Amino acid sequence: MFSKPLPLAHSGLEDDRLAAEAKKDRPGAFLALYERYLTPVYRYLLRRVGDVKNAEDLTTQVFLTALERFSQYRGGGKFAAWLFTIARNKSIDFFRTSRREIPLESCPPHRMIDEDRTFARDEARQIKDLIAKYPPEDRDLLDLRFAAEMTFAEMAQVLHRNENTVKKQVYRLLARLKNELENNYD
Amino acid sequence: MTDSHDLNDIESKVFDSYQVETPDSSFANTLRHHIVEASAHTRTRSTPRFSLAGRLALAIGSCVLALAILFIANPKSNLVLGMRQLFSFIPGVGIVEEGAPLRQLTEPVAETRAGITVTVDQMILSPDLTPFQFQVSGIPETAYPQNAAEACPEPPYLLLPDGSRLDYAGFNAISAYANAPSYSKQFTLAAVPPEVDNATLVMPCVLGLKTGAAPEGWEFPLSFVPVSAEFVSSPVEEVESQPATVAETALAKPQGPFDGVFTLSLDQKISQEDGDIYFGKISWQDNSGFSTAMMESFDLTDAEGNRVMTDFASTDPSWNPFEAHSYNPVAFKIPATTTSGPLTLTVTRIMANLHVDGVSFSFDAGPNPQIGQQWVLDKDITAGGYQLHLISVTRISNGYEFAFENPEEVGCVDLSINDTQYAQGRCGSNYTRYEYAGDVPTGELTVKINNLDLHLDGTWEYTWMP
């Protein structure tokens, strides 16, 4: 177990309470889910597509699609997995349609936060650069874990894999990343 | 492999590296507004405001669609072979009886006021519904509202020559992007009577824009003519499976109580320029106790095993005009760019609702239970073949909450207390909560278990040549 728990932004039970209220014609409940998930969804899509405009467009599509298909969500504490399955499919559609892949380093600099002012931010930049060189399937794992802030169980649902397999794959990537980061400092 | 304890630090750093990007506040506000607006239409859709005749027309339309699926679904039926040729698919309308009297706009109608152009570019008048599409362009960024209260509150309607009006009837699709200079919307109105050949589309304000920021009181005189010979409709085809590669494994957990209960089929294909729409169904055995089932987890792959994206996958059980049939419809669209080789639909999980009979338990809440009071029951209950574990019941502000520890497959547990009608029910995988508008039941309470939501794992593959 990690001693420092990740500040996950959501809880399945509370999501289901909001989802149940939203289904009873209480739009405020869906808005509460929107407020809760906007940033993770946006961060996830920004990481996937690499520029702000497309991330905003896809984020819009994700939430409007979720609203349209809301009757299909049946609880079970899996709203995050359901929502990020939509988000992941939208990002896959984006690349399929546009037939391109934008590496993170090509993001317009004026739309990105300046991360060069402090050591920590410099390290964050290094981490991002290293991750940007990973194969898409590895980036997908890290994006779901750290941008979407998903639990391993939720990731397993989205990726249709065993939870332990997902956990091992993420640990393996973190170990690789740790080694590469240390080598950068050496 | 590196021990996970060694990775605490790098995990924190990676997490921090992901936390620097946040959505722009104006984008967040605009999207929030779009959600509020779309929510309003969704609610309207659930309680349509059109006339009895309109509802009847909708019901007939649904039945036509349902019949199309119902009959075409059974390829062995001679009746099916006859019926199949009677239907065609029209984009924006759905499956209609071939030869149904369809009309369209004589021509698109547009008007520009204060730099903003509204164009009514398509309207199809079927015997059942009137879907139409309009576009708005030339929108200044300042015309978008910052919150829902500022937004145009009234959707467009159709004013008929006799003074009656046709209101929004649902099925809208939105193509809206934050602060974009243009957008398009699709709406569906109730059916226009066949003798009416002109009407006025009234747009009290421009949907999606801030009240007062764009001209209001738009009126578009429309006239209707029979659809032209070039009007695009697509024949409904039967999906041909590949006998050599079909693996008709029944969908259920292999050793579970419902092994072999569910089957999945694809029945119809509708070819369009931008892709193919497939209709099918998830069926379950009669008398199995299930009332609904839908794909919860599925994948579509090509011959090389690459994932094929579906444009939409509607398994909404609310569309269910025949009350007692044992299936739910499945629908999805595959973009035209898909490879031409065989496709395989693999379903790995379904969500199904199981009716439970004759299972109940009791507890004594006393004559005056207090909010927050809890009864620890710690009781095993067998329902639907599953052993549920009821941990406790808690008195909440307007009712009771039941806490369960259930098998992973069991989602919501639907209950009723003393057969009393509740005002609001909520449930999750491990709780069920009921709130009452009036008096909360007290004393000796009999709680019946009515239904279980089940999430059933399994594998079902269907391979066919697109």
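Scroll up to find the structure.
Parameters at a glance
- Residues numbered from 1 in each chain as written.
- Chains lettered and ligands numbered in written order.
- Predicted model: local features only at pLDDT ≥ 70, side-chain atom pairs only at ≥ 80, totals over all residues.
- Heavy atoms only, no water.
- Core = buried A, V, L, I, M, F, W, Y, C linked by side-chain atoms within 4.5 Å.
- Buried < 20%, exposed > 50% of the residue type's maximum accessible area, 1.4 Å probe, protein only.
- Helix = DSSP H or I, 4+ residues; strand = E, 2+ residues; numbered from the N terminus.
- Lys, Arg positive; Asp, Glu negative; His and termini not counted.
- Salt bridge = Lys/Arg side-chain N within 4 Å of Asp/Glu carboxyl O.
- Polar contact = N/O pair within 3.5 Å; in protein donor to acceptor, adjacent residues only side chain to side chain.
- Disulfide = S-S within 2.5 Å.
- Pairing = 2+ DSSP bridges.

**Here's the deal with the nonpolar core**
Counting 66 residues, the largest nonpolar core has A:Y37, A:F63, A:F84, A:M150, B:V14 and B:I35 as the members making the most contacts within it. No other element matches helix α2 (residues 27–49) of chain A, which puts 13 residues into this core. B:V261, B:V330, B:I381 and B:V393 belong to the second-largest nonpolar core, a separate cluster that totals 54 residues.

**Considering the side chain of A:E154**
Residues and elements named next belong to chain A. By the element assignment, E154 lies in helix α7 (residues 152–159). This buried residue, E154, is left without a salt bridge; R145 holds the nearest opposite charge, at 7.3 Å. Among the polar contacts made by the side chain of E154, one reaches the main-chain amide nitrogen of T151 at a distance of 3.0 Å.

**Quick notes on the state of the cysteines**
Residues and elements named next belong to chain B. According to the stated counting rule, one finds one disulfide over all chains in the structure shown. Here C152 engages in a disulfide with C205; their sulfurs sit 2.1 Å apart. The sign of the 75° torsion about the S-S bond sets the C152-C205 disulfide as right-handed. Taken together, the residues C152 in the loop between β6 (129–137) and β7 (157–159) and C205 in the loop between β11 (198–203) and β12 (218–226) connect sequence positions 53 residues apart. The class for C152 is buried, based on a relative accessible area of 6%.

**Examining α7(A)**
Residues and elements named next belong to chain A. Across the eight residues that make up α7, a large majority, six, are buried. When α7 is considered as a whole, its buried residues turn out to be F152, E154, M155, A156, V158 and L159. Of the residues trailing α7, H160 is marked for its positive phi of about 60°.

**Remarks on the pairing of strand β21 (residues 374–383) of chain B**
Residues and elements named next belong to chain B. Summarising the sheet, β21 and strand β22 (residues 386–396) pair through eight bridges and their orientation is antiparallel. Looking at the pairing, Q374 lines up with T394 of β22. What sits between β21 and β22 in their antiparallel hairpin is a turn of two residues, with G384 showing a positive phi close to 60°.

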